[in-house]
Amino acid sequence: MVDHFCGNEHLCQEFCEDDGVCKVVIEPKQQITRTKYIQSNEKLKCSKKIPPNEFEHIGKHTHKEDGFHYCNVKCKYCEYYCTLPYGHTQIHETRHGNMKPNEFTSDDNFEFTGQEVLCNLKCKGLGRHPHVDYCQNEENCRLGNQRIDIQHIDERAHPHPDRPKDLISHKLYWERTGFKDPYSVQEQKEFAKWNHERMD
Ligand SMILES: [Zn+2]
Ligand SMILES: [Zn+2]
Ligand SMILES: [Zn+2]
Ligand SMILES: [Zn+2]
Ligand SMILES: [Zn+2]
Ligand SMILES: [Zn+2]
Ligand SMILES: [Zn+2]
């Protein structure tokens, strides 16, 4: 929006209105013992010019006509943005970063060792293993109608002992993020043996 007519062209000062993420910014966050990297997204300024003696340009504000915009979905474990274009239809993908501590991981080793855990390395070398998640359908669990890789936990378990929980497969743990499992096919096969007694 221009507030005067001086006979010159003006650069639009508004922000890009396109859907999706214009630019992903990686910021180092210095902590006492380690540097963490967190991602945030930046809306870029509109790059259109406003012709002389006009208030506005025609059309939407955009940082670049038909420019690339990233998908705005973040991995829920590391909060890194999907690296695919906005509006893609296949499963989300990213290169993953430092795990953000959550209720299920806060008592993990790195709290004590000061070792940073990368989202895509957390399960490395674990062999067969399940993950813990909140139960999403107690009724189905009771009736045995749930997926074979969901095992209801009958004991009260931390965190939030009052909320029922399940042991779930590594595969389902990643399915619930909507992101592609970042581990190799070989590792995924090994991880999946967690409940193979029940599968046989
Ligand atoms: Zn002017
Ligand atoms: Zn943009
Ligand atoms: Zn504009
Ligand atoms: Zn991640
Ligand atoms: Zn995506
Ligand atoms: Zn359950
Ligand atoms: Zn896992």
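Structural notes, computed from the coordinates. (Residues numbered from 1 in each chain as written. Chains lettered and ligands numbered in written order. Predicted model: local features only at pLDDT ≥ 70, side-chain atom pairs only at ≥ 80, totals over all residues. Heavy atoms only, no water.)

### With respect to the coordination of the zinc ion (ligand 6)
Point 1. Taken together, the protein ligands of the zinc ion (ligand 6) are Cys135 (SG), Cys141 (SG), His152 (ND1) and Asp166 (OD), with distances of 2.0 to 2.3 Å.
Point 2. Coordination geometry of the zinc ion (ligand 6): the 4 donor atoms subtend angles of 92 to 116 degrees at the metal centre, consistent with an arrangement described as tetrahedral.
Point 3. Look at where the donors of the zinc ion (ligand 6) fall in the sequence and you get C-x5-C-x10-H-x13-D. Residue cysteine 135 is found in the loop between β5 (130–134) and α2 (138–143), and its partner aspartate 166 is found in strand β7 (residues 165–169); the two are separated by 31 residues along the sequence. Judged on exposure class, the residue cysteine 135 and its partner aspartate 166 are both buried. (Donors = N, O, S within 2.8 Å, 3.2 Å for Na, K, Ca; no water. Tetrahedral: all angles 85-135°; square planar, octahedral: opposite > 155°, others 65-115°. Helix = DSSP H or I, 4+ residues; strand = E, 2+ residues; numbered from the N terminus. Buried < 20%, exposed > 50% of the residue type's maximum accessible area, 1.4 Å probe, protein only.)

### What to know about the environment of isoleucine 91
Point 1. Along the chain, isoleucine 91 turns up in the loop between β4 (49–50) and α1 (110–113).
Point 2. Isoleucine 91 gets classed as partly exposed once you look at its relative accessible area, which sits at 45%.
Point 3. Spatially, the C-alpha atom of isoleucine 91 lies 9.7 Å from that of aspartate 181, the residues being 90 residues apart in sequence.

### Notes on the sheet that holds strand β6 (residues 150–153)
Point 1. The strand order across the open sheet built from 3 strands is β5-β7-β6, with neighbouring strands paired in antiparallel fashion. Looking at the sheet topology across the chains shown, the edges are occupied by β5 and β6. Strand after strand, the sheet turns through a mean of 30 degrees between neighbouring axes, direction not considered.
Point 2. Examined bridge by bridge, β5 and β7 share 5 bridges and lie antiparallel to one another. Looking at β7, one finds that proline 130 is bridged to serine 169. (Pairing = 2+ DSSP bridges. Axes fitted to C-alpha atoms, helices over the stretch in contact; angles between N-to-C directions.)

### A short note on the coordination of the zinc ion (ligand 4)
Point 1. Those donors, Cys75 (SG), Cys78 (SG), His96 (ND1) and Cys119 (SG), are the protein atoms that reach the zinc ion (ligand 4), and they lie 2.1 to 2.4 Å from it.
Point 2. Considering all 4 donor atoms around the zinc ion (ligand 4), angles at the metal cover 105 to 118 degrees and the coordination shape is tetrahedral.
Point 3. As a motif over one chain, the donors of the zinc ion (ligand 4) read C-x2-C-x17-H-x22-C. Of this pair, cysteine 78 sits in the loop between β4 and α1 while cysteine 119 sits in the loop between α1 and β5, and the two are 41 residues apart along the sequence.
Point 4. When its relative accessible area of 2% is taken as the criterion, cysteine 119 is described as buried.

Just distances and angles here, no functional claims.
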